[in-house]
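# A closer look at the structure
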Amino acid sequence: MEDFRIDVKRIAQSRISEVDIFNTRFGHKFSDHMFVAEYKNGEWTDLQILPFEKFLMSPASSVLHYGQAIFEGMKAYKTDSGEVLLSRPWENAERFNSSAKRICMPEVPKELFVEALSQLISIDREWIPASDGCSLYIRPVMFSTDEFIGVKASESYKFIIFSSPSGAYYKEPIKVMVETHFSRACEGGIGSAKAAGNYAASLYPAKLAQQKGLHQIIWTDSKEH
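Anyway, here's the lowdown on the structure attached to this text. (Residues numbered from 1 in each chain as written. Predicted model: local features only at pLDDT ≥ 70, side-chain atom pairs only at ≥ 80, totals over all residues. Heavy atoms only, no water.)

### Some remarks on helix H4 (residues 196-211)
Relative to the 22 Å expected for 16 residues at 1.5 Å per residue, H4 spans 23 Å between its end C-alpha atoms, a close match to the ideal helical length. Helix geometry: H4 is bent most strongly at leucine 203, by close to 35 degrees, with proline proline 205 lying one to four residues after it. All of the buried residues in H4 are Asn198, Ser202, Pro205, Ala206 and Ala209. Considering only its buried residues, H4 is in contact with strand S9 (176-178) and strand S10 (216-218). With its phi angle positive at about 85 degrees, glycine 213 sits one or two positions after the end of H4. (Helix = DSSP H or I, 4+ residues; strand = E, 2+ residues; numbered from the N terminus. Expected span 1.5 Å × (residues − 1). Bend = angle between axes of the 7 residues up to and from the residue. Buried < 20%, exposed > 50% of the residue type's maximum accessible area, 1.4 Å probe, protein only. Contact = heavy atoms within 4.5 Å.)

### Focus on helix H3 (residues 110-123)
Between its first and last C-alpha, H3 extends 20 Å over 14 residues, near the 20 Å set by a 1.5 Å rise per residue. Every buried residue belonging to H3 is among Leu112, Phe113, Val114, Ala116, Leu117, Leu120, Ile121 and Ile123, and all of these are buried.

### Focus on unusual backbone geometry
Phi is positive for asparagine 41, close to 55 degrees, though the residue is something other than glycine. Inspection of the secondary structure assignment puts asparagine 41 in the loop between strand S2 (33-40) and strand S3 (43-51). Residue asparagine 41 is classed as exposed on the basis of its relative accessible area of 76%. Not every positive phi belongs to a glycine, and cysteine 104 is a case in point at roughly 60 degrees.

### A look at the packing of aromatic side chains
Counted by the stated rule, this structure contains 14 aromatic pairs. Ring geometry for phenylalanine 55 versus phenylalanine 143: centroids 6.1 Å apart, planes at 15 degrees, classification stacked. Here phenylalanine 143 lies in strand S7 (residues 135-144) and phenylalanine 55 lies in the loop between S3 and helix H1 (63-66), a separation of 88 residues in the sequence. On the basis of relative accessible area, phenylalanine 55 is assigned to the partly exposed category, the value being 38%. Using a relative accessible area of 9% as the deciding quantity, one classes phenylalanine 143 as buried. Members of the aromatic cluster, each reached through a chain of ring pairs, are Phe35, Tyr39, Trp44, Phe96, Phe113, Tyr157 and Phe159. We note lysine 152 situated over the ring of phenylalanine 148; from NZ or CZ to the ring centre the distance is 5.2 Å. Stacked on the ring of tyrosine 199, the Lys or Arg arginine 184 has its end atom at 4.6 Å from the ring centre. (Phe/Tyr/Trp six-rings, centres within 6.5 Å; stacked < 30°, edge-to-face > 60°. Lys NZ or Arg CZ within 6 Å of the ring centre and 35° of its normal.)

### Observations regarding the pattern of salt bridges
Using the criterion set out here, one finds eight salt bridges in the structure. Arginine 15 is the salt-bridge partner of aspartate 32, the closest N and O atoms lying 3.8 Å from each other. Here aspartate 32, found in the loop between strand S1 (7-8) and S2, pairs with arginine 15, found in the loop between S1 and S2; they are 17 residues apart in sequence, far enough to count as distant. Of the residues examined, arginine 15 reaches a relative accessible area of 22% and is grouped as partly exposed. The partner of lysine 152 in a salt bridge is glutamate 155, and the shortest N-O contact between them spans 3.8 Å. With relative accessibility at 57%, the residue glutamate 155 sits in the exposed group. One continuous salt-bridge network, built from bridges that share partners, spans Asp146, Lys152 and Glu155. (Salt bridge = Lys/Arg side-chain N within 4 Å of Asp/Glu carboxyl O.)

### Quick look at the environment of phenylalanine 113
Among the structural elements, phenylalanine 113 can be located in helix H3. Among the residues examined, phenylalanine 113 registers a relative accessible area of 1% and is labelled buried. Linking phenylalanine 113 and proline 89, residues 24 residues apart in sequence, is a C-alpha distance of 8.3 Å. Residue contacts for phenylalanine 113: discarding those within four places in its chain leaves Met74, Pro89, Asn92, Ala93, Phe96, Val108, Pro140, Phe159 and Ile161.

### Overview of the environment of proline 205
Summarising the element assignment, proline 205 is placed in helix H4. Residues proline 205 and arginine 184 lie 21 residues apart in sequence; the distance between their C-alpha atoms is 9.6 Å. The residues contacting proline 205, other than those within four sequence positions of it, are Glu179, Phe182, Ile217 and Trp219.

### What to know about the nonpolar core
Of all hydrophobic cores here, the largest spans 37 residues; its most connected members are Phe35, Trp44, Phe113, Met142 and Phe159. Of all the elements in the fold, those that place two or more residues in this core are S2, S3, strand S5 (74-78), helix H2 (89-102), H3, S7 and strand S8 (157-166). Ranked by the residues each element gives to this core, the list is headed by H3, at eight residues. Beyond its immediate chain neighbours, meaning those up to four positions away, phenylalanine 35 contacts Ile6, Leu47, Gln48, Ile49, Leu112, Ala116, Leu120, Phe159, Ile160 and Ile161. Among the nonpolar cores identified, the runner-up in size contains 10 residues, and Met34, Val63, Phe71 and Phe162 belong to it. (Core = buried A, V, L, I, M, F, W, Y, C linked by side-chain atoms within 4.5 Å.)

Everything listed here is a matter of geometry and, on its own, says nothing about what the molecule does.
So this is what it looks like as structure tokens:
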């Protein structure tokens, strides 16, 4: 197994006292740290755990124009004894790389994915709500960063992992509708990839469903629905 050296820069003072981690809207508050890696010259470099912060992007960043962006979603929990549990990290790493391959992006070594995840969650373990129905939601994401306007796969990428304490996504029973017009995936498409563009394409049908008082859509096949 390759040995990945991750530099760690901890936040001067935790922000956890500013957040009610047991009563937080899903995806609105974020933990103290994030993992960041850069892909350039054919390899993953600059492996770091840093304080969670914003970063600058060029208007020419290729992700803004050609949409090379993928992500994963996973959770960390605490047991009654305080042990931290991660849900299927190796399988998430495998699916992340499957998405990367389909969107013509570099794969992240699974050992690096899991090691970065483990170190990050260990540092921010106090952000994991130890309460029924609560968890620390973890978001690995990768996107292209070439500053170039031209239709081609980027040669540089950024891989980030950050987390968010949260309760249940929905606070009430979910009402759904069966979609019989719009499609989420089709033969030969990218429906199997957890790509940002797949979710963008789902927003308008979801909005129409929400206007009818529904929460979610059950997607049907693109040929016969």
